[in-house]
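Geometric and topological summary
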Amino acid sequence: MTKTTENTFGSGMTNEDWFNLGKSDAWAGKAKVAPEEDSQAASMYDLGYCEGEIKRPPTEISQYPTTHISHLN
(Lines give C-alpha, C1' and ligand atoms only; values in the text may rest on other atoms or scores of the structure.)
Protein backbone atom coordinates (compact mmCIF):
# COMPACT_ATOMS: atom_id res chain seq x y z
CA MET A 1 0.00 0.00 0.00
CA THR A 2 1.43 3.37 -1.01
CA LYS A 3 1.01 6.24 1.39
CA THR A 4 0.87 9.68 -0.15
CA THR A 5 1.22 12.80 1.93
CA GLU A 6 0.00 16.29 1.31
CA ASN A 7 2.69 18.85 0.56
CA THR A 8 3.25 21.51 3.19
CA PHE A 9 1.93 24.48 1.22
CA GLY A 10 -1.57 23.10 0.77
CA SER A 11 -1.77 23.30 -3.02
CA GLY A 12 -4.06 20.28 -2.91
CA MET A 13 -1.53 18.12 -4.73
CA THR A 14 0.01 15.05 -3.10
CA ASN A 15 3.62 13.98 -3.49
CA GLU A 16 2.42 11.39 -5.99
CA ASP A 17 0.66 14.12 -7.99
CA TRP A 18 3.89 16.14 -8.19
CA PHE A 19 5.84 13.02 -9.22
CA ASN A 20 3.33 12.21 -11.97
CA LEU A 21 3.28 15.82 -13.18
CA GLY A 22 7.07 15.82 -13.49
CA LYS A 23 6.99 12.55 -15.40
CA SER A 24 4.28 13.72 -17.79
CA ASP A 25 6.11 17.01 -18.40
CA ALA A 26 9.24 15.07 -19.37
CA TRP A 27 7.23 12.80 -21.67
CA ALA A 28 5.65 15.85 -23.31
CA GLY A 29 9.07 17.44 -23.84
CA LYS A 30 8.21 20.41 -21.62
CA ALA A 31 10.85 22.32 -19.69
CA LYS A 32 11.34 21.26 -16.07
CA VAL A 33 9.40 23.71 -13.89
CA ALA A 34 9.41 22.49 -10.30
CA PRO A 35 7.50 24.46 -7.67
CA GLU A 36 9.81 26.95 -5.98
CA GLU A 37 7.85 27.47 -2.76
CA ASP A 38 7.78 23.82 -1.63
CA SER A 39 11.05 21.91 -1.52
CA GLN A 40 9.38 18.52 -0.95
CA ALA A 41 7.04 18.99 -3.91
CA ALA A 42 10.00 20.19 -6.00
CA SER A 43 11.94 17.04 -5.10
CA MET A 44 9.03 14.80 -6.07
CA TYR A 45 8.59 16.71 -9.34
CA ASP A 46 12.33 16.36 -10.11
CA LEU A 47 12.22 12.63 -9.40
CA GLY A 48 9.25 12.21 -11.72
CA TYR A 49 10.87 14.32 -14.42
CA CYS A 50 14.07 12.25 -14.27
CA GLU A 51 12.12 9.00 -14.47
CA GLY A 52 10.11 10.38 -17.39
CA GLU A 53 13.33 11.14 -19.25
CA ILE A 54 14.55 7.57 -18.71
CA LYS A 55 11.34 5.65 -19.42
CA ARG A 56 9.15 6.11 -22.48
CA PRO A 57 5.51 7.06 -21.98
CA PRO A 58 3.00 4.21 -22.26
CA THR A 59 1.54 5.79 -25.40
CA GLU A 60 4.82 5.14 -27.22
CA ILE A 61 5.01 1.48 -26.26
CA SER A 62 3.68 -0.65 -29.06
CA GLN A 63 0.77 -2.85 -28.13
CA TYR A 64 1.85 -5.43 -30.67
CA PRO A 65 5.45 -6.61 -30.75
CA THR A 66 7.23 -6.22 -34.05
CA THR A 67 8.72 -9.40 -35.39
CA HIS A 68 11.13 -9.74 -38.23
CA ILE A 69 10.81 -12.97 -40.13
CA SER A 70 13.76 -13.96 -42.20
CA HIS A 71 13.47 -16.72 -44.72
CA LEU A 72 16.42 -18.99 -45.26
CA ASN A 73 16.78 -20.39 -48.79
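Criteria and cut-off values
All chains use their own residue numbering, which begins from 1 and follows the written sequence. With pLDDT at 70 or above as the cut-off, local features in this predicted model cover only qualifying residues; side-chain atom pairs require 80 or more to be listed or tallied, and sums for whole chains, interfaces and linings still use all residues. In computing side-chain properties, one takes all heavy atoms of the structure into account and sets aside hydrogens as well as water. Strands here are runs of E lasting at least two residues and helices are runs of H or I lasting at least four, both read from the DSSP assignment and numbered beginning at the N terminus. Using a 1.4 Å probe on the protein chains alone, a residue whose accessible area is under 20% of its type maximum counts as buried, one over 50% counts as exposed, and one in between counts as partly exposed. Whenever a nitrogen or oxygen atom comes within 3.5 Å of another N or O atom, the pair is scored as a polar contact, on the condition that within protein one atom can donate a hydrogen and the other can accept it, and that pairs from neighbouring residues in sequence are kept only if both atoms are in side chains. The span one expects for a helix is its residue count, reduced by one, times 1.5 Å. Arc definition: directions from the helix axis to the C-beta atoms. Whether two residues are in contact is decided by their heavy atoms, any of which lying within 4.5 Å being enough. Here the nonpolar core consists of buried residues drawn from Ala, Val, Leu, Ile, Met, Phe, Trp, Tyr and Cys, with membership extended through side-chain atoms lying within 4.5 Å. When a carboxyl oxygen of Asp or Glu is within 4 Å of a side-chain nitrogen of Lys or Arg, the pair counts as a salt bridge.

Regarding the side chain of D38
Examined against the element boundaries, D38 turns out to sit in the loop between α1 (15-27) and α2 (39-54). Owing to a relative accessible area of 3%, D38 belongs among the buried residues under this scheme. Only 3.3 Å separates the side chain of D38 from the backbone nitrogen of A41, close enough to count as a polar contact.

Here's the deal with α1
For α1, with 13 residues, the first-to-last C-alpha span of 19 Å sits near the 18 Å given by 1.5 Å per residue. Every buried residue of α1 is listed here: N15, W18, F19, G22, K23, D25 and A26. The buried residues of α1 occupy an angular sector of 160° when the element is viewed end-on, so they sit on one face. The elements touched by buried residues of α1 are α2. Looking one or two residues beyond α1, the residue adopting positive phi is G29, at roughly 80°.

Let's talk about the nonpolar core
W18, A26, A41, Y45 and Y49 together form the largest nonpolar core, which totals five residues. Of all elements in the fold, only α1 and α2 reach the threshold of two or more residues within this core.

Let's talk about the pattern of salt bridges
On inspection of all chains with the given rule, the structure shows three salt bridges. Here K23 makes a salt bridge to E51, at a shortest N to O gap of 3.4 Å. A residue pair is termed long-range when its members are at least 10 positions apart, and K23 in helix α1 and E51 in helix α2 qualify at 28 residues. According to the relative accessible area criterion, K23 is buried, its value standing at 15%. Classification of E51 as partly exposed rests on a relative accessible area of 25%. Put simply, D25 and K30 hold a salt bridge, and the shortest N to O gap is 4.0 Å. By relative accessible area, K30 is classed as partly exposed at 48%. Within the structure, one salt-bridge network assembled from shared partners comprises K23, E51 and K55.

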